[in-house]
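Secondary and tertiary structure notes
Chain residues, written in single-letter form:
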Amino acid sequence: MADSQGGGGNPAPITRRISKMVTAFRPGSSEGTRTKSRLQTLAAGESIKERQQKLKEEREAKRNQLDGRHNYLLDTVAIYLNLDFNEVVDHVLEGNQIDKIEEFLSINGSHRLMFFYQDDTTETAVNFELPSPATSPSRSMDRRASSIKPIIKQHKTRLFVTDGRDVSLQGICMFFLRPSTNKAITQDSITKEVTFTVLDASDDGLLTALEKLLSHIIVPSVKTIKSGWGELDRPASAHIRQNFLNQFDNFVNILSSAQQSLDDAVNLSECTTFELSRLRGPSDYLSVAASSESMEKIEACMAVWIKQIAQVLAESDQMRKEADNIGPRAELEHWKKRMARFNNLLTQIKSNQVKAVLGCLQAAKSKTLKTWFGLDQKITEYANEAKDNVKYLYTLEKFCEPLYTCDPVGMVDAIPGLVNAIRMIHSISGYYNTSERMTSLFVKVTNQMVTSCKAYITNTACDSIWIQPREELIDKLKVCVRLNQEYQRVFQKTKQKLEQTPEERQFDFSEMYVFGKFDTFQRRLNKIIDMFDLIEMYSHLADSRIEGMELMGNRFQVIVTTMKKKPYDPLDQRRQEFDVDYDEFKRQIGELQASIKTFMDQMFDRIFNTQRALYHLKKFDRLGIPNLGISEKYARILLHYGRDIENTVKQYQKHKNEPPVARDLPPIAGKIMWARQLFRRVQEPMEVFQQHANILQGTEAKRIIKNYNRLAKTLLEFEMLYHRGWLRQVEVVKSGLNSSLLVRHPETNELYVNFDPAILVLIRETECMLKLGLSVPPIAKSLVRKQSYFKELYNRLQLVLVENSRVRERIQQVFQLLMTPHANKLDEIINPGLNTLTWTSMNIDLYINDIYEGIAGLNLLIERANDLCNYRIDAVLQEMATTTLCQLPEDDPWTVDEFLAHTKILCAKGIHTLQLKSQLVEEATNELIELLLELPPEMEPKVYDTGTPMITVTENELTMEDRDSTTGSQLAVPQPPVRSTSSLSRAEKKRREMREHLEEEACELLNYFNHRNLDALLKVTRSTLDSLRRRITSSTMVHYLGAGATESKSEHRPFFRCNVTLVIPQVAMLPALDEVQQSVNKVAHCIIGVSKGVSKWSKQRRMKEESRKPHVTFEDPELTERRHSLASGISESSDTLRLRRVEIEGVLVNIPTQTNNYFKNVAENKEIAKLASLLSTSINSTKKEVTTAMEAFDSYSDLWQEDREESLTRFLEDDPKLSDFQAMIINYKDMEIVVNELAEFYAAGPIALYTEQLKIALSTETKNWILGYGKACNEKYRSEMENIFTFIDDVTKRLSRPIKDLDDIRFAMATLRELRENEIRVDMSIGPIEESYAMLARYECLLAKEEVERVDTIRYSWEKLQVQSIEIQSYLVNIQPNFRGDLLENVITFGTECNNFFDDYKTTGPMVPGLLPR
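Here goes a summary of the coordinates provided. Note that this is a predicted model, so its numbers are computed, not measured. (Residues numbered from 1 in each chain as written. Predicted model: local features only at pLDDT ≥ 70, side-chain atom pairs only at ≥ 80, totals over all residues. Heavy atoms only, no water.)

**Considerations on the overall build of the protein**
Which entries qualify depends on this criterion: Labels follow the DSSP assignment, with helices taken as runs of H or I lasting at least four residues and strands as runs of E lasting at least two, numbered in each case from the N terminus. For every residue, the accessible area (1.4 Å probe, protein chains only) is compared with the maximum for its type, and the residue is labelled buried under 20%, exposed over 50%, or partly exposed between those bounds. Working rule for contacts: check all heavy atoms of both residues, and any pair within 4.5 Å makes them a contact. Where accessible areas are quoted, they stem from the Shrake-Rupley method and a 1.4 Å probe; at the residue level, only the protein chains shown are allowed to cover.
Looking only at helices and strands, the protein features 48 helices and 14 strands. Considering the protein as a whole, with its 1414 residues, one finds that 41% of them fall into the buried category. Of the contacts formed within the protein by residues at least 6 apart in sequence, a portion of 76% connects residues at least 24 apart. Accessible surface computed for the protein: about 80900 Å², of which carbon and sulfur atoms make up 53%.

**Here we look at the nonpolar core**
As a reminder, the rule being used: Buried Ala, Val, Leu, Ile, Met, Phe, Trp, Tyr and Cys residues form a nonpolar core when they are joined through side-chain atoms within 4.5 Å.
Membership of the largest hydrophobic core comes to 265 residues, with the highest contact counts inside it found for Tyr487 and Leu541. The biggest single contributor to this core is helix α46 (residues 1252-1295), with 16 residues. Sequence-distant contacts of Tyr487, that is, excluding residues within four places in its chain, are made with Ile415, Val419, Phe442, Val445, Thr446, Met449, Val514, Phe515 and Phe518.

**Points about the pattern of salt bridges**
Our working definition: In what follows, salt bridge is the name for a side-chain nitrogen of Lys or Arg lying within 4 Å of a carboxyl oxygen of Asp or Glu.
Tallied over the full model, the rule gives 42 salt bridges. The shortest N-O distance in the salt bridge between Asp845 and Arg796 comes to 2.8 Å. Within this pair, whereas Asp845 is found in helix α33 (residues 844-881), its partner Arg796 is found in helix α30 (residues 787-809), the two being separated by 49 residues in sequence. Looking at Asp845, the relative accessible area reads 38%, which means it is partly exposed.

**Digging into the sheet that holds strand β13 (residues 1241-1244)**
Whether parallel or antiparallel, the strands of a sheet pair through hydrogen bonds between backbone atoms. Threshold: Here, a strand pair is defined by DSSP locating no fewer than two bridges between the strands. Axes, fitted as lines to C-alpha atoms, cover a helix only where it is in contact. Angles between the N-to-C directions of the axes lie from 0 to 180 degrees.
Reading across the sheet, the four strands line up as β10-β9-β14-β13 and stay open at both edges, with mixed pairing between neighbours. For this open sheet the edge positions go to β10 (1066-1070) and β13, each flanked by a neighbour on one side alone. Here the average twist between neighbouring strands, direction ignored, is 30°. Pairing between β13 and strand β14 (residues 1247-1250): four bridges, direction antiparallel. Residue pairing across strands places Ala1244 opposite Ile1247, the latter belonging to β14.

**As for a negative patch on the surface**
Test applied: Exposure above 30% relative accessible area and the lack of any salt bridge qualify a residue for a patch; like charges then connect within 9 Å, and the nonpolar side chains Val, Leu, Ile, Met, Phe, Trp and Tyr within 5 Å. Counted as positive: Lys and Arg. Counted as negative: Asp and Glu, with His and the chain ends omitted from the count. Lys charges are placed at NZ, Arg charges at CZ, Asp charges at CG and Glu charges at CD.
A cluster of acidic residues, Glu890, Asp891, Asp892, Glu1240 and Glu1252, forms a negative patch on the protein surface. Locating Glu890 in the fold gives a position in the loop between α33 and α34 (896-933).

**A look at the packing of helix α15 (residues 352-364) against helix α16 (residues 368-405)**
Formally: An angle counts as roughly parallel when it lies under 35 degrees, as roughly antiparallel when it exceeds 145, as roughly perpendicular when it falls between 65 and 115, and as oblique in every other case. It is the rotation of the near helix from the far one that decides the hand of a crossing: anticlockwise by less than a right angle makes it left-handed, clockwise makes it right-handed. Under this grouping Gly is polar, as are all residues other than the nonpolar Ala, Val, Leu, Ile, Met, Phe, Trp, Tyr, Cys and Pro and the charged Asp, Glu, Lys and Arg.
Here α15 crosses α16 at 140°, and the two axes come no closer than 10 Å. Overall, the two elements α15 and α16 adopt an arrangement that is oblique. Considering only the axes of α15 and α16, their crossing is left-handed. Residue-level contacts link Val354, Leu358, Leu361 and Gln362 of α15 to Thr368, Leu369, Trp372 and Phe373 of α16. The residue makeup of the contact of α15 with α16, split by class, is six nonpolar, two polar and no charged.

**Topic: the side chain of Thr1182**
The test is simple: Polar contact criterion, stated in full: a pair of N or O atoms within 3.5 Å, where within protein one must be able to donate a hydrogen and the other to accept it, and residues adjacent in sequence count only if both atoms are side-chain atoms.
Inspection of the secondary structure assignment puts Thr1182 in the loop between α41 (1166-1176) and α42 (1183-1191). Accessibility expressed as a relative area gives 0% for Thr1182, which makes it buried. A polar side-chain atom of Thr1182 sits 2.4 Å from the main-chain carbonyl oxygen of Ile1179.

**Some details on α30**
In an α-helix there are 3.6 residues to a turn, and that puts residues three or four apart on one side. Using the following cut-off: Any helix carries an expected span of 1.5 Å times its number of residues minus one.
When the terminal C-alpha atoms of α30 are compared, their 32 Å separation across 23 residues agrees well with the 33 Å that a helix rising 1.5 Å per residue should span. Buried within α30 we find Gln787, Phe790, Leu793, Leu797, Val800, Leu801, Asn804 and Val807. Those residues of α30 that are buried are in contact with β5 (742-744), β6 (751-753), α28 (757-772), α29 (778-785), α31 (820-830) and α33.

**Here's the deal with unusual backbone geometry**
Backbone torsion omega between Leu1070 and Pro1071 reads -10°, so that peptide bond is classified as cis. Considering the arrangement of structural elements, one finds Pro1071 in the loop between β10 and α38 (1073-1088). Look at Asn108: it is not a glycine, yet its phi comes out positive at around 55°. For Asn108, the position within the fold is in the loop between α7 (97-105) and β1 (112-124). A positive phi angle is found at Asn459, which is not glycine, with a value near 55°. Examined against the element boundaries, Asn459 turns out to sit in the loop between α18 (435-457) and α19 (470-500).

**Side note on a nonpolar patch on the surface**
A contiguous nonpolar surface patch, about 470 Å² in accessible area, is contributed by Phe1397, Phe1398, Tyr1401 and Met1407. With respect to the helices and strands, the residue Phe1398 is situated in helix α48 (residues 1345-1404).

**Describing the packing of aromatic side chains**
Applicable threshold: The pairing test for Phe, Tyr and Trp rings, Trp by its six-membered ring, is centres within 6.5 Å, and the orientation test on the planes gives stacked under 30 degrees, edge-to-face over 60, and tilted for anything in between.
Going through the model one piece at a time under the given rule, you end up with 31 aromatic pairs. Measuring from centroid to centroid gives 5.5 Å for Phe899 and Phe1056, while their planes differ by 75°, and the two rings are edge-to-face. Remark: Phe1056 occurs in strand β9 (residues 1056-1063) and Phe899 occurs in helix α34; sequence separation between them is 157 residues. Per residue, the accessibility class of Phe899 equals that of Phe1056, and both read buried.

Scope: geometric values only; no functional claims are made or implied.
So this is what it looks like as structure tokens:
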């Protein structure tokens, strides 16, 4: 194997590239095939586009063939490679890869499916020429070298399906496996039947990838398989299975070492200075030797090789650096690697290239040959040494195998063979028999033993020593110690044998060096064993129940926990810290032991009870802790035990006449138990002391034993004395069984079970005597056997009496006297138990059954009577008492008329309801009386057998069931006794008197329920009137409570609704208070008058028409028809019923009135009369509240009492401004708001004063006042507005006059002057006018539409006038020059004319003298 690994060597890189290139173009290779297929697929006349389209269609067809199975496989590959799913699909669709997947998925298909994901290197070379035969080798070599062009490599990562035969793995291999091919893979089964695994050879190579897969996944999985091995599952084949697993591990190790050998292989460098491939033979060697230049290149190449070989030899001669825990297998691996390394060098030395170089050097007689041959000789020697060592170490491998695969127990058997094999190697090996190497081998064996022991102890480093069970761990540690001892024993034995044969090589190895590590490890194991022994010893402290020992247990746990928390491995013998910690652990344990001893001494100083002291001492003894002084404590307790015996003697002397007895023990057995308890008190410690015989050897101990024997004898005599006395009492107690079953109390007449308690005491005594092991007489044993019978009989009789009392207590007091005959019947059944039957009678069961039958009959009668009373009398009376005769308002108050009408309707309905229910109660009462008056038939007393099986009964009382049940039994049926005539007359007289008495009681019962009927009427009337009174008075109380009683207000709202209205000159309430009071009085009289419609009961109870008719049940048709007639509200006796028709809200209602009714009883009732009297004044009493509420509206009296015209006149006399008008209008507007915000109603006691009508009237008054002031304001500002419009129209007309001369100008100037004089007045008047109309419109005063429109245009007209005046002024300014010239001329003319006139006047005027008149 070594030769095959190292002989071939690794080809040079150039050789690998050329061989790979040639392989690529080889016709059989896959790359060449792919290139050829791509070139040949293009058919003649087919274009590239057509071919591409065809390929595309084929790919789509293949894609359509994919289903869920393909998607699962490809998706798994895509997820692992982190590729897109579609990309993986595109890779797989190339070629026929889908067919391989189909073959894997089909039935009887392939077991595996592999995907390779690696670089697809396409190597392309140009002008590759082959040499012709005529060409010489050297020239052809030169031509090949010159014709090889540079190789172009194209790297592309591809994913493809393969079977692994055509392509070598250089990247990632993902393969799917299926265990069985018997059936096809489906979509449902693919996840269960197909497994996925990855082999990644892209980084470390194929061998490393395979080694990781096997070591990390396959080998651990195979080792965990417990079943499924086929025939190897049998226990006898376990060693074969283990050998297979071991060989599997070895194979994995071989893969690892093979890869390491390849990595460590030394390859001689390529000769780069000279092309050695041209050297074909000796002629070529001579030609090269003749060339100094070529020789320099050859020697340079040889120098490089010599340097590499010298370096390898130097490294081999160096001292090996090995770990201190490696085993013998590492020694074999070392020599195997060394053999492979030197064999590889030898193979390369023998190669053609090296031979060619040596040929050239020999031809040239180079000096480097001497060095080369020396190195060659060393290499050969080293290779031979390695080969020889490997050969001998291989023989040792099978003996070393148990060191790796077996536990220390299995190693013991393999040690002799291992040592013997080492002895053989030491004796016959040519190279490996040196002392150093043999010692190193022994050390490696020791190392492996120690390593295997550690793995064995820690379960392959999975569990530390602290978490394993102590017993199992200690056994492991002891096995490891035994392994060391056996190892050294076999070594010494072999050494002694060698000493007897001096001609053989002796074991002169250093035993300290060989076994020192294991001895150190053994000492560490011994300390660990000792430590765990101490831990096991003191671990009982945690389980100890000694009070106060918890602290010691906690202290011990702290010590152990501190030891567990140490950061080092205790099994590592190199760590000296453990020794220090171990000594500290021992010291702390010693202190803990001293503390426990001190604690025990202190505890026993406080214990003064012998048994308790022994009890605690046993606990301390069970701890198993040495040196606690247990024996001394036993001696001390023995002395205290002597004093206990003396105290027990004193206690016996004190209580022997009246011993204390436990509360659950009978007296005799209790005394015996007391004596035995005293004996047990001294016996138990003595038994403990007897277990320690050495304690009882002293003088004081013998005295104590003597006192113990004397006390035991006395207690035994006491027990025998009381036992004999009890035997004499048994016959006396036996007579108690002859007493009667029952007994009646002489004063209370209550029944009790007449069972002698002494019998129970006797039974209890007997049980205790049997438990104590004492003799018991037969009669006492018989009582014990029958105790369940007597107890059951006692309990049954007790239950009978309890049931009898329960049934009798259910009889109501009102008809208890009527139930007397039925109760007497039950008493007659019970009487035999008081007179004749005893506890030894034979037919007690029949007697008890008869009592139960009598109780059942009485119970049935009571149930019928109670049901009739509860459901047909009490329930109906309760319904009568809760009949609704008056409904009170809940949320909103009612008007008086609504309340009165509603109450009359309810009263009319209540009359019908109450009359119907009263008749139903009367009928039910009569039925109850008839039911109770049905007397039981005459009974003759049964005669029970008091001591024999005979049972005597009367013939008349023997029913069919009794006859059937007693058929075949011994019955004595005597003839009925003959009665005399006088006895019959006395019985008839007694029965007649009883019948008369029952009739009187029946009348009393009828009167009782008649009074209850009247009480129901009184209650419904009283409750109705009281609820009405409380509602009215509660409303009044709420009124007085004021705002603080918000909750009461919500619960008690006003009752009646009245309206407050304005009836000038005052505010009035409608209806008036007296009218409301009258309505309340009518309601009260109506409620009281309901009793007029309920007829009184007949004073005589209704008898049945035929006394012999069967009893009418609840389902009797006659009774049903009668009830229907009652429900119709019309009595059959029309002479006692009068109908009164009343019209209520337009509807006539028939109110029946009975002639003989309860009205007088109801009306004269004091409480009802008092309530009616209170209701008659309930409304009038609230007059003050109503008046107070009405006075609140007097604040608005000015609205209707003051004269509106006079007020307006006085207001206008003061020439008011607009603000004055507005203030008055706002005042009344605010008053209107206040009026509208008045509450919806005001509560005045039970009356709600609604203000809706009053608010309407007051709002009308305030609006009239607002309209009055608005009208006055309108008149005032309307006159001002008219004046302004008149002024504007006048000025506008004058300014509109055409200006033709100076007179027109003068007229216009005068108009403008007048406009300027009135401008301020008009401006100040327009604003108030507009504000006044706006105010009147805001407060909704009546305004004429024309006035509103004129107000809207007044400011516009005024502004328009101002614009016109400005235009006139501008026009006058423009025409001024023309008129000025004319004016000046006219002035001059006027002056001239004036002068002329003056002159004429002076000369010819009237003042001229002498002027004649005209």
